[in-house]
Amino acid sequence: MNTTLDLENLLVDKGWCTALTEELRAPYFQEIKRKIEQEVKQGVTLYPSQKEIFNAFNKTPFHKVRVIILGQDPYHKERQAHGLSFSVPKGVTPPPSLGNIFKELKNDLNIEIPKNTGDLSGWTGQGVFLLNTLLTVRAHEPASHHDIGWEQFTDAVIKKLSDTHEHLVFILWGKYAEQKRNLIDAQKHLVLISAHPSPFSARKFFGGKYFSKTNKYLRAHHKKEIAWEKI
């Protein structure tokens with residue numbers, strides 16, 4: 001990362017910029033920027049790369065969001081994180097959690113498990129917002145940026161989506177994601193909650209039929225279904 005971080009200019013989708021104007025100008029957001037710049041100047045390796053911090057936002061414009069899949073923080077190993085929850089760049093072997101997501105997709109909709117990619121960018125273009133509650137992490141230190149302000153920002157993102165959109169699907173996998181349920185108006189959105197797809201809790205994750213339930217809900221509200229096979 002460069003030592004000077006212009007976070008505001010990394011968020012390029014105009015819809016998101018307008019929706020989050022108050023957050024982007026808030027003192028806590030400037031503190032996030034200051035803390036990240038300080039670590040970079042100290043030679044700390046952070047993931048994802050600067051240009052990919054707001055990848056989820058820039059790939060799924062604000063007005064096109066239909067489904068939110070909430071993760072915790074970026075992958076903390078080399079080459080894995082690229083700003084999309086649970087996704088890895090092309091050419092990178094899917095981590096176990098993503099592998100279990102693919103297994104559930106196979107069990108739910110009989111969609112073949114991808115053999116050569118774990119990149120979920122094909123979902124983002126259809127309105128699937130792959131959001132992590134923390135947008136950066138120190139290399140090899142999971143959840144290491146839990147205390148720099150990102151949660152305040154992404155809580156505001158979740159609430160903004162809930163307040164301004166109609167009939168969204170929020171998919172909350174794991175206890176950490178489940179904590180965000182109170183930010184969502186369950187009277188006008190579908191909220192799907194389950195265990196995390198990690199191997200440690202996969203037994204309780206499998207069988208949730210998240211993908212077919214999402215499409216059933218979208219269809220019932222006259223919205224286009226997600227082509228989950230288009231990875």
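Each chain carries its own residue numbering, running from 1 in the direction its sequence is written. Owing to the predicted nature of the model, reporting of local features is limited to residues with pLDDT of at least 70; listing and counting of side-chain atom pairs is limited to 80 or more, with chain, interface and lining totals taken over all residues. As a convention, hydrogens and water are excluded, and side-chain values are obtained from all of the structure's heavy atoms.

Caption draft 1: Inspection of the UniProt feature "active site" (unreviewed entry) in the protein at higher detail. UniProt positions are given in the numbering used here, feature names are shortened, and annotations may be inferred rather than shown by experiment. Per the UniProt record, the feature "active site" (unreviewed entry) sits at Asp73. You can see Asp73 is positioned in the loop between strand 2 (67-71) and helix 6 (96-109). Looking at Asp73, the relative accessible area reads 16%, which means it is buried. In this analysis, two residues are considered to be in contact whenever any of their non-hydrogen atoms come within 4.5 Å of each other. Contacts of Asp73, omitting those with residues within four sequence positions, involve Asn132, Leu134, Val137, Pro142, Ala143 and Ser144. Reaching out from Asp73, the side chain makes a polar contact with the backbone nitrogen of Ala143 at a distance of 2.5 Å. The secondary structure listing takes helices from DSSP runs of H or I that are at least 4 residues long and strands from runs of E that are at least 2 residues long, numbered from the N terminus. In this scheme, a residue with accessible area under 20% of its type's maximum is buried, one over 50% is exposed, and one in between is partly exposed, where area comes from a 1.4 Å probe on protein chains only. Side-chain atoms alone can form a polar contact between residues adjacent in sequence; in general such a contact is a pair of N or O atoms within 3.5 Å, and within protein one must be able to donate a hydrogen while the other accepts it.

Caption draft 2: Summary view of the side chain of Ser198. Within the secondary structure layout, Ser198 lies in the loop between strand 6 (190-194) and helix 10 (202-205). Aside from chain neighbours lying at most four places away, what touches Ser198 is Ser97 and Asn100.

Caption draft 3: Spotlight on unusual backbone geometry. Put simply, Tyr47 and Pro48 share a cis peptide bond, and its omega is -5°. Within the secondary structure, Pro48 is located in the loop between strand 1 (46-47) and helix 5 (55-59). Despite not being glycine, His140 has its phi angle at roughly 65°, a positive value. In this fold, His140 is placed in the loop between strand 4 (137-138) and helix 8 (150-164). According to the relative accessible area criterion, His140 is exposed, its value standing at 56%. Although it is not a glycine, Ala143 sits at a positive phi angle of roughly 60°. With respect to the helices and strands, the residue Ala143 is situated in the loop between strand 4 and helix 8.

Caption draft 4: Spatial organisation of the pattern of salt bridges. For salt bridges, the criterion is a side-chain nitrogen of Lys or Arg within 4 Å of an Asp or Glu carboxyl oxygen. Tallying each qualifying case throughout the model produces 11 salt bridges. Across the pair Arg181 and Glu178 runs a salt bridge whose closest N-O atoms are separated by 3.2 Å. The exposure class of Arg181 is partly exposed, given its relative accessible area of 42%. Glu178 gets classed as partly exposed once you look at its relative accessible area, which sits at 30%. Each of the salt bridges in this network shares a partner with another, and the network as a whole consists of Glu39, Arg138 and Glu141.

Caption draft 5: Structural view of the packing of helix 6 against helix 11 (residues 210-220). Packing of helix 6 against helix 11 leaves a shortest axis separation of 7 Å and a crossing angle of 60°. In terms of orientation, helix 6 lies oblique with respect to helix 11. Each of Ile101, Glu104, Leu105, Asp108 and Leu109 in helix 6 lies in contact with helix 11, whose residues at this interface are Tyr210, Phe211 and Ser212. Note on residue classes: Ala, Val, Leu, Ile, Met, Phe, Trp, Tyr, Cys and Pro are nonpolar, Asp, Glu, Lys and Arg are charged, and everything else, Gly too, is polar. Grouping the amino acids of the contact of helix 6 with helix 11 by side-chain chemistry returns five nonpolar, one polar and two charged. Whenever a helix is involved, its axis is fitted only over the stretch in contact; in every case the axis is a line through C-alpha atoms, and angles between N-to-C directions fall within 0 to 180 degrees. Our angle categories are set so that under 35 degrees counts as roughly parallel, over 145 as roughly antiparallel, 65 to 115 as roughly perpendicular, and the remainder as oblique.

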